[in-house]
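Fold and geometry: a report
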Amino acid sequence: NAGVMQNPRHLVRRRGQEARLRCSPMKGHSHVYWYRQLPEEGLKFMVYLQKENIIDESGMPKERFSAEFPKEGPSILRIQQVVRGDSAAYFCASSETLHRGEQYFGPGTRLTVT
Amino acid sequence: GQSLEQPSEVTAVEGAIVQINCTYQTSGFYGLSWYQQHDGGAPTFLSYNALDGLEETGRFSSFLSRSDSYGYLLLQELQMKDSASYFCAVRNRNSGNTPLVFGKGTRLSVIA
């Protein structure tokens with residue numbers, strides 16, 4: 001049973017470009033979460049999705065950031081017109097249910113904006 | 001909102017026991033989770049406490065006191081590979097579908 005998959009593992013973008021981060025949850029998991037982590041800091045919740053629905057996007061900036069989890073295919077976190085401050089590790093996690101505090105994380109995408 | 005406090009750094013000797021504390025403030029509460037993250041790696045789920053008391057899984061144990069809004073992670077027979085960051089996380093009962101809120105993490109260094 002494959003774990004949570006994320007790609008790319010490393011992504012370099014110039015300021016103003018778009019970044020697309022992909023996440024495939026564990027098989028059987030319908031809850032997907034995106035987190036951002038800066039060096040030496042904790043995980044900041046960004047958005048929670050279920051298939052075709054955004055359940056909670058309270059941690060995601062209103063501008064330039066968007067997320068989706070289509071009926072078919074991976075979840076996508078999209079950052080438009082990237083700025084240097086967007087450089088971070090972006091982790092995707094999935095879970096079978098919401099009620100337990102157990103989430104399975106992917107290896108992350110390290111985004112560097114030059 | 002929610003907030004979690006945990007020490008930023010802890011150092012312990014190989015073979016010893018170390019306790020990492022976590023206090024939280026939240027209106028309503030489901031449970032306390034613990035995650036481990038090695039440098040450059042992904043967070044890995046360690047344990048979850050919904051009820052008061054101690055949960056043991058091998059060398060790791062986790063404790064929760066809901067009345068004190070406090071929990072800890074206990075690591076026994078420390079090994080060098082335990083050097084990592086450890087995060088506590090809570091889910092707020094009153095936040096509906098909002099998932100986990102993480103503390104800033106405790107960096108554990110195991111020395112010989």
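Anything mentioned here points back to the structure above.
Because the structure is predicted, anything quoted here is derived from the model rather than measured. Within each chain, residues carry numbers counting from 1 in the order of the written sequence. Labels are handed out in written order, letters beginning with A for the chains and numbers beginning with 1 for the ligands. Selection of residues for local features in this predicted model requires a pLDDT of at least 70, selection of side-chain atom pairs for listing and counting requires 80 or more, and totals for whole chains, interfaces and linings are taken over all residues. Side-chain measures here rest on the full set of heavy atoms in the structure, leaving out hydrogens and waters.

**Quick notes on the side chain of Asp 82 of chain B**
Residue and element names in this part refer to chain B. Assignment of secondary structure puts Asp 82 in the loop between β8 (70-75) and β9 (84-91). Relative accessibility under 20% of the residue-type maximum defines a buried residue, over 50% an exposed one, and the middle range a partly exposed one, all with a 1.4 Å probe and only protein chains included. Judged by relative accessible area, which is 2%, Asp 82 ranks as buried. In protein, a polar contact requires one atom able to donate a hydrogen and another able to accept it; more generally it is a pair of N or O atoms within 3.5 Å, and residues adjacent in sequence count only if both atoms are side-chain atoms. Among the polar contacts made by the side chain of Asp 82, one reaches the main-chain amide nitrogen of Gln 79 at a distance of 2.8 Å. Strands here are runs of E lasting at least two residues and helices are runs of H or I lasting at least four, both read from the DSSP assignment and numbered beginning at the N terminus.

**Some details on the interface of chain A and chain B**
Any two residues whose heavy atoms approach within 4.5 Å at even a single point are treated as in contact. On the side of chain B, 19 residues touch chain A, which itself brings 22 residues to the contact. A 1.4 Å probe defines the accessible area here, and the buried area is the portion of it lost by two parts on being joined, summed over both. At the boundary of chain A with chain B, total buried surface from both sides reaches about 1800 Å², with 57% on carbon and sulfur atoms. For salt bridges, the criterion is a side-chain nitrogen of Lys or Arg within 4 Å of an Asp or Glu carboxyl oxygen. At the junction of chain A and chain B, the tally comes to 0 salt bridges. If you look at where chain A meets chain B, you find 3 residue pairs in polar contact (both at pLDDT 80 or more). Put simply, the parts of the chain that give the side of chain A that touches chain B at least two residues each are β4 (31-37), β5 (43-50) and β6 (53-56) of chain A. Basically, the charged four are Asp, Glu, Lys and Arg, the nonpolar ten are Ala, Val, Leu, Ile, Met, Phe, Trp, Tyr, Cys and Pro, and anything else, Gly included, counts as polar. Considering only residue class, the side of chain A that touches chain B consists of 10 nonpolar, 6 polar and 6 charged.

**Notes on the nonpolar core**
Residue and element names in this part refer to chain A. Take the buried residues of types Ala, Val, Leu, Ile, Met, Phe, Trp, Tyr and Cys, join any two whose side-chain atoms come within 4.5 Å, and each joined set is a nonpolar core. By size, the foremost hydrophobic cluster in this structure holds 23 residues, and its most contacted members are Trp 34, Met 46, Leu 77 and Tyr 90. Elements supplying a minimum of two residues to this core: β3 (19-24), β4, β5, β7 (65-68), β8 (75-79), β9 (88-95) and β11 (109-113). The residues touching Tyr 90, leaving out its near neighbours within four places in the chain, are Gln 6, Leu 21, Tyr 35, Arg 36, Met 46, Phe 65, Leu 77, Ile 79, Gly 108, Thr 109 and Leu 111.

**What to know about the sheet that holds β8 of chain A**
Residue and element names in this part refer to chain A. Strand pairing is assigned whenever DSSP detects at least two bridges linking the two strands. Across the sheet, which stays open at both edges, the 4 strands sit in the order β1-β3-β8-β7 with antiparallel pairing between neighbours. In this open sheet, the two strands that pair with only one neighbour each are β1 (5-7) and β7. Neighbouring strand axes in the sheet, compared pairwise and without regard to direction, differ in orientation by 15° on average. With 4 bridges connecting them, β7 and β8 associate as antiparallel partners. Across the sheet, residue Glu 68 finds its bridge partner in β8, namely Ile 76. Axes here mean lines fitted to C-alpha atoms, for a helix over just the part in contact, with angles spanning 0 to 180 degrees between N-to-C directions.

**Quick notes on the environment of Phe 87 of chain B**
Turning to its location among the elements, Phe 87 of chain B is positioned in strand β9. C-alpha separation for the pair Phe 87 of chain B and Leu 73 of chain B, spaced 14 residues apart in sequence, amounts to 9.6 Å. Sequence-distant contacts of Phe 87 of chain B, defined by excluding residues within four places in its chain, comprise Gln 37, Glu 41 and Gly 42 of chain A together with Gln 6, Ser 33, Trp 34, Tyr 35, Gln 37, Phe 102, Gly 103, Lys 104 and Gly 105 of chain B.

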